[in-house]
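For reference, the chains in residue letters:
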Amino acid sequence: MKQSIFTVISNTALTDSVSEMVLSGDTSPITAPGQFVNIRLDGLFLRRPISVCDYDEQTLTLVYKAVGKGTEAMRTMEPGVRLDLLTGLGNGYDLSPAGERPVLLGGGVGVPPLYHLAKKLLAQGKIVTVILGFNTRNEIFYEEKFKALGCDVLVTTVDGSYGIRGFVTDALKLVPYSYFYTCGPEPMLKAVYRSAETSGQMSFEERMGCGFGACMGCSCKTLTGFKRICKDGPVMRKEEILWEA
């Protein structure tokens, strides 16, 4: 973990509630897709955890949804604004078990951390399928970006207004895959857990207090006891998760 100052380069609306922010700063502590940053915002006691969407040696891309005071304030930030970030937080995705045909499933704001993961898998020569799940067509983002990388992309909408009607698990039945990676709300993760025919890794979305394992506020139950989403996760293996009844 490292505390650094980043500068906003751009801040663009993708949908009515989702925006993409690109920042410049020291990204060296970020070592794996699926990690997150914790942003300090003026007037708010707790930092805001945001998944890393993409990064290189000089820039960091965050895709976030405006759901409260903090993220609403982020939407109004102009280029040049400086932000205090904790970077290199959490354990990201492990690419080694992917096999030849990994499938990536993202629901809503669970989509962004899959983007850099897809880049890494494609660089290894994998055949990558991406399934993006949304409620309706006006919530869709990053479909074309994944296609531009070279991924096979399927989009599902709950209301059937675009792509496949239903959930990401409905599309999962239609594709061959060797392993899965997913991120999204807990009901989606549970559905993927029950539906997937292979092993895989799940990234949990969770409210956090500290963001680095000190407060135990984001714990979940696993085969080896309680683990902290922020420090031991947010990515966990399918086999270690114990869902509450």
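Rules used throughout
Residues numbered from 1 in each chain as written. Predicted model: local features only at pLDDT ≥ 70, side-chain atom pairs only at ≥ 80, totals over all residues. Heavy atoms only, no water. Helix = DSSP H or I, 4+ residues; strand = E, 2+ residues; numbered from the N terminus. Contact = heavy atoms within 4.5 Å. Areas by Shrake-Rupley, 256 points an atom, 1.4 Å probe, with all protein chains shown as cover. Salt bridge = Lys/Arg side-chain N within 4 Å of Asp/Glu carboxyl O.

Peer 1: Can you help me understand the overall build of the chain in this one?
Peer 2: Within the chain, the secondary structure is distributed over 5 helices and 15 strands. Sequence separation of at least 24 residues holds for 61% of the intrachain contacts in the chain that already meet a minimum separation of 6. Taken as a whole, the chain presents about 11300 Å² of accessible surface, with 50% of it coming from carbon and sulfur.

Peer 1: What is the right way to read unusual backbone geometry from this model?
Peer 2: What is expected of a backbone is that most residues other than glycine have negative phi and most peptide bonds are trans. Here the phi dihedral of Tyr-142 falls at roughly 70°; this positive angle occurs in a residue that is not glycine. Mapped onto the elements, Tyr-142 comes out in the loop between strand S8 (129-134) and helix H3 (143-149).

Peer 1: When you look at the pattern of salt bridges in this model, what are you seeing that I'm missing?
Peer 2: Two side chains of opposite charge can pair, provided their charged atoms sit close to one another. Enumeration according to the criterion identifies 9 salt bridges in this entry. Of the charged contacts in the structure, one is a salt bridge between Asp-84 and Arg-47, with a shortest N-O distance of 3.0 Å. With Asp-84 in strand S6 (residues 82-89) and Arg-47 in the loop between strand S3 (36-40) and strand S4 (48-55), this residue pair connects regions lying 37 residues apart in the sequence. Note that Lys-147 and Glu-144 form a salt bridge whose closest N and O atoms lie 3.9 Å from each other.

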